[in-house]
Amino acid sequence: MARILLTLAMFLLTAACGRSDAPQDTGSLPGAKKDTAPQPTADGDITLTGAGATFPYPLYTKWIAEFQKANSKVKINYQSIGSGGGIRQITERTVDFGASDAPMNEEQLGKAAGILHLPTCLGAVVLTYNLEGVPSGLKLTPEAAAHIFLGKIKKWNDPALQKENPDMKLPDKEIATIHRSDGSGTTKIFVDYLSAVSPEWKSGPGAGTSVNWPGGLGAKGNDGVSALITSTPASIGYIELAYAMQNKLTFASLKNKSGKFITPSLESTTAAGAGAAAKMPDDLRISLVDAEGEDAYPIAGFTYLLVYQEQKDLAKGKVLGNFVKWAMQDGQKFTNDLHYAPLPAAVVEKVNKKLAALVGPDGKPLLAP
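Computed from a prediction, not measured in an experiment: that's the story for all the values here.

Enquirer: Describe the overall build of the chain, and please don't skip the residues or the numbers.
Expert: Assigned secondary structure in the chain consists of 14 helices and 12 strands. Looking at the 369 residues of the chain, the share that counts as buried comes to 53%. Counting every atom, the chain has about 16,800 Å² of accessible surface; 53% of that belongs to carbon and sulfur.

Enquirer: Got a sec to walk through helix α13 (residues 314-329)? Specific residues and values, please.
Expert: Taking 1.5 Å of rise per residue, 16 residues should cover 22 Å, and α13 covers 23 Å from first to last C-alpha, within 8% of that figure. Burial of α13 is extensive: 13 of the 16 residues sit out of reach of the surface. Structurally, the start of α13 carries an N-cap: the backbone nitrogen of A315 is 3.1 Å from a side-chain oxygen of D313.

Enquirer: For the nonpolar core, give the residues involved together with the corresponding values.
Expert: Ranked by internal contacts, the top residues of the largest apolar core, which has 108 residues, are L127, L140, F190 and F302. Here this core gets 10 residues from one element, more than from any other, and that element is strand β4 (residues 115-130). Apart from the residues within four sequence positions on either side, L127 is in contact with L140, A145, F149, F190, I236, G237, Y238, T250, F251, A252, L254 and Y297.

Enquirer: So what's going on with the packing of helix α5 (residues 142-150) against helix α7 (residues 185-197)? Which residues, and what values?
Expert: Look at α5 against α7: their axes get within 10 Å of each other, and the N-to-C directions meet at 115°. You can see that α5 and α7 cross each other, and the crossing is left-handed. Facing α5, whose interface residues are P142, A145, A146 and F149, α7 presents F190, Y193, L194 and V197. Across the contact of α5 with α7, the residue classes tally to eight nonpolar, no polar and no charged.

Enquirer: Can you break down the packing of aromatic side chains residue by residue, with the values?
Expert: Considering all chains together, one arrives at 16 aromatic pairs under this definition. An angle of 15° between the planes, with centres 6.5 Å apart, marks the rings of F323 and W326 as stacked. Remark: W326 and F323 occur in helix α13; sequence separation between them is three residues, near one turn of the helix. When sorted by exposure, F323 lands in the same class as W326, which is buried. Aromatic ring contacts, followed pair by pair, group Y57, Y60, W63, Y78 and F97 into a single cluster.

Enquirer: Quick rundown of the packing of helix α2 (residues 57-70) against α13? Include the residues and the values.
Expert: It is at 11 Å that the axes of α2 and α13 come closest, and there the two elements cross at 115°. What the angle tells us is that α2 and α13 run roughly perpendicular. As α2 runs across α13, the sense of the crossing is right-handed. The segment α2 lies against α13, with W63, I64, E66 and F67 engaging V319, N322, F323, W326 and A327.

Enquirer: Quick rundown of the sheet that holds strand β11 (residues 261-262)? Include the residues and the values.
Expert: Read from one edge to the other, the open sheet built from three strands follows the order β5-β10-β11, with strand pairing classed as mixed. Looking along the sheet, the strands with just one partner apiece sit at the ends: β5 (139-140) and β11. As judged from the two bridges shared by strand β10 (residues 253-255) and β11, these two strands associate in the antiparallel manner. Within the sheet, the bridge partner assigned to L254 lies in β11 and is I262.

Enquirer: Any chance you could break down helix α3 (residues 83-91) for me, citing the residues and the numbers?
Expert: Counting buried residues in α3 gives seven out of nine residues, a clear majority hidden from the surface. Looking at α3, one finds that the buried residues are S83, G84, G85, G86, I87, Q89 and I90. Its buried side turned inward, α3 meets β1 (46-52), β3 (97-100), α4 (106-110), β4, α7 and β12 (300-308).

Enquirer: Quick one: what's the story with the pattern of salt bridges, residue by residue and with numbers?
Expert: Inspection of the entire model under this criterion finds 13 salt bridges. In this structure, the salt-bridge partner of K69 is E66, at a minimum N-O distance of 3.3 Å. Taken together, the positions of K69 and E66, both in helix α2 and three residues apart, correspond to about one turn of that helix. Exposure remark for K69: the relative accessible area of 63% places this residue in the exposed category. When the shortest N-O distance is used, the salt bridge between K188 and D192 registers 2.8 Å. Linking K188 with D192, this pair stays in helix α7, spanning four residues, or about one helical turn. Judged by relative accessible area, K188 falls into the partly exposed class, the value being 22%. We classify D192 as buried; its relative accessible area is 17%. The structure contains a network of salt bridges with shared partners spanning K62, E66 and K69.

Enquirer: Let's hear about unusual backbone geometry: which residues, and what values?
Expert: Even without being glycine, R93 reaches a positive phi, approximately 60°. Relative to the helices and strands, R93 is located in the loop between α3 and β3. One non-glycine residue, D290, lies in positive phi territory at about 55°. The buried category is assigned to D290, whose relative accessible area is 16%.

Conventions adopted
- Residues numbered from 1 in each chain as written.
- Predicted model: local features only at pLDDT ≥ 70, side-chain atom pairs only at ≥ 80, totals over all residues.
- Heavy atoms only, no water.
- Helix = DSSP H or I, 4+ residues; strand = E, 2+ residues; numbered from the N terminus.
- Buried < 20%, exposed > 50% of the residue type's maximum accessible area, 1.4 Å probe, protein only.
- Areas by Shrake-Rupley, 256 points an atom, 1.4 Å probe, with all protein chains shown as cover.
- Expected span 1.5 Å × (residues − 1).
- Polar contact = N/O pair within 3.5 Å; in protein donor to acceptor, adjacent residues only side chain to side chain.
- Core = buried A, V, L, I, M, F, W, Y, C linked by side-chain atoms within 4.5 Å.
- Contact = heavy atoms within 4.5 Å.
- Axes fitted to C-alpha atoms, helices over the stretch in contact; angles between N-to-C directions.
- Left-handed = near helix turned anticlockwise from the far one by under 90°.
- Nonpolar A, V, L, I, M, F, W, Y, C, P; charged D, E, K, R; others polar.
- Phe/Tyr/Trp six-rings, centres within 6.5 Å; stacked < 30°, edge-to-face > 60°.
- Parallel < 35°, antiparallel > 145°, perpendicular 65-115°, else oblique.
- Pairing = 2+ DSSP bridges.
- Salt bridge = Lys/Arg side-chain N within 4 Å of Asp/Glu carboxyl O.

This is a description of form; function is not addressed.
Right, dumping it as structure tokens:
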């Protein structure tokens, strides 16, 4: 009798609490059907790690926070270590995704077969300066910009600078140039521009995520360059537009290919990318520097997430795919407030087609159509 009562009690307890091995609802992910949501790992969470460009760090931080609000079992950690570090870590598969402002070159892709380049937004690289009494709007020609960083224009009151800025009293002070000390996609965009407008630069320091600078001071990350410019009188350096605006730095207007001096802004950055969709190759790697267009700012570019088309971890792959899909849809609305230009609709469509090609270890598509 006692055994019967004990068995009955255990049955009632199980019915009240539910089966311990029943599948748990993890919640649906943005852009995905509920039945495609990944199951949690053993500890209840799915954690993604990423690393790379400092250029989009403020935007990615916002995206991650918003995405996690709707997906409580998802944790995304992103380290802004520079594009070079992002490329290295995704190549070594020590992160789930990399980030770079510079597309990987053929040599790099040869070491990381199967990498997809997914543009996330547009940004501008601006020449910021710390010059007492000189507000934003200093006009620089392409030649002057190259000669400053080549060390051929040494003083702020050089005739080449004063000619384009007759209403500004430029001081008789030595110019201190500041550049990135780490491998950087921001550097790649900037020196791609210098190479495009200056044969002397192209045949000298050249292009790349890291170059042999003719002189100047180095700092790590956009934040490091921003801080060094702020603390160094009579200095000039290159950083992403968002950092310049967030830190209230002064920045120059540049003469574009059409001969107009253009102030860096979301509108002039968008103008640089306006014709990009039609010209983009299938792998979506493209340079926007020295772009055509009367209102185009000449130092602009896409920033990319780097992900493997074949994801080795099914659950992580689904989360990663849905995160990027969410960024293409809901995430774009956060770009303007953080001083990034949103992707053109045609580019979003191209990214979504790449996402549809993501597959798991079984070769099946990760995202629901």
